[in-house]
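Residue-level structure breakdown
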Amino acid sequence: MASLNVGNLGEYLREQRRNAQLSLRQLADAAGVSNPYLSQIERGLRKPSAEVLQQVAKALRISAETLYVRAGILDAERDRDEAETRAVILADPSLDERQKQVLLQIYESFRKENGLGGEGPVRPEESDGTEAQPSDTPGSDAGPRRTAG
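Because the structure is a prediction, the values reported are computed rather than measured.

1. What to know about the packing of helix α6 (residues 80–91) against helix α7 (residues 97–113)
As a packed pair, α6 and α7 sit with axes 9 Å apart at the nearest point and diverge in direction by 160 degrees. The orientation of α6 with respect to α7, classified from their angle, is roughly antiparallel. The element α6 and its partner α7 pack so that their crossing is right-handed. Residue-level contacts link D81, E82, T85, R86, I89 and L90 of α6 to K100, Q101, L103, L104, Y107, E108 and R111 of α7. Of the residues assigned to the contact of α6 with α7, the class counts are 5 nonpolar, 2 polar and 6 charged.

Put into structure tokens, the structure is as follows:
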């Protein structure tokens, strides 16, 4: 099997696992993945999904965002603010795990709505330099809106 461009991730995971004094089997059990699959990730033969990385990060008690960057899922420069926002939400002791996950889902839905998370409109700085005309903007011909209250 050819090695993918995730060797850095695998080496990092192995280092984190050893620092946590966990065997490969213990980490696989804690993360809910198979022992051979985790071994392949560590050797750079498999590229895990974001969900698997999140489970492994939780089992290692490290930041999932760090693993996302190392796996090439997040661009370190472009997504630094997003990672920081996620880290602050996850670190908030006043929220329980369910509330944190719901808040992260809402945050991600707003990012997608604004074209920043996944498929969506192009960011202004990535466009061809032309600005949208008023007729291109949804609701621009409706005039001012008033809210009851």
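2. Comments concerning helix α2 (residues 24–31)
Of all the residues in α2, the buried ones are L24, L27, A28 and A31. Along the axis of α2, the buried residues cluster in a sector spanning 100 degrees; they form a single face. More than 90 degrees from the buried face of α2, the exposed residues found are R25, D29 and A30. With its phi angle positive at about 75 degrees, G32 sits one or two positions after the end of α2.

3. Regarding the nonpolar core
Counting 21 residues, the largest nonpolar core has L9, L13, L38, V56 and L67 as the members making the most contacts within it. Those elements that place two or more of their residues in this core are α1 (7–19), α2, α3 (35–42), α4 (50–60) and α5 (64–71). Per-element tally for this core: the top contributor is α4, with 6 residues. Residues contacting L38, with those up to four places away along its chain left out, are L24, L27, A28, V33 and V56.

4. Some remarks on the confidence of the model for the protein
Confidence in the prediction of the protein, expressed as mean pLDDT, is 77, and 70% of residues score 70 or more. The spread of mean pLDDT over the elements of the protein runs between α6, the lowest at 84, and α2, the highest at 96. Predicted confidence is poor over residues 1–5, with pLDDT under 50, and the contacts of this stretch with residues over four places away or in other chains come to 10 contacts. Confidence drops under pLDDT 50 across residues 118–146; counting only partners more than four residues distant or on other chains, this segment forms 12 contacts.

How each quantity is defined
Residues numbered from 1 in each chain as written. Predicted model: local features only at pLDDT ≥ 70, side-chain atom pairs only at ≥ 80, totals over all residues. Heavy atoms only, no water. Axes fitted to C-alpha atoms, helices over the stretch in contact; angles between N-to-C directions. Helix = DSSP H or I, 4+ residues; strand = E, 2+ residues; numbered from the N terminus. Parallel < 35°, antiparallel > 145°, perpendicular 65-115°, else oblique. Left-handed = near helix turned anticlockwise from the far one by under 90°. Contact = heavy atoms within 4.5 Å. Nonpolar A, V, L, I, M, F, W, Y, C, P; charged D, E, K, R; others polar. Buried < 20%, exposed > 50% of the residue type's maximum accessible area, 1.4 Å probe, protein only. Arc of directions from axis to C-beta. Core = buried A, V, L, I, M, F, W, Y, C linked by side-chain atoms within 4.5 Å. pLDDT = per-residue confidence, 0-100.

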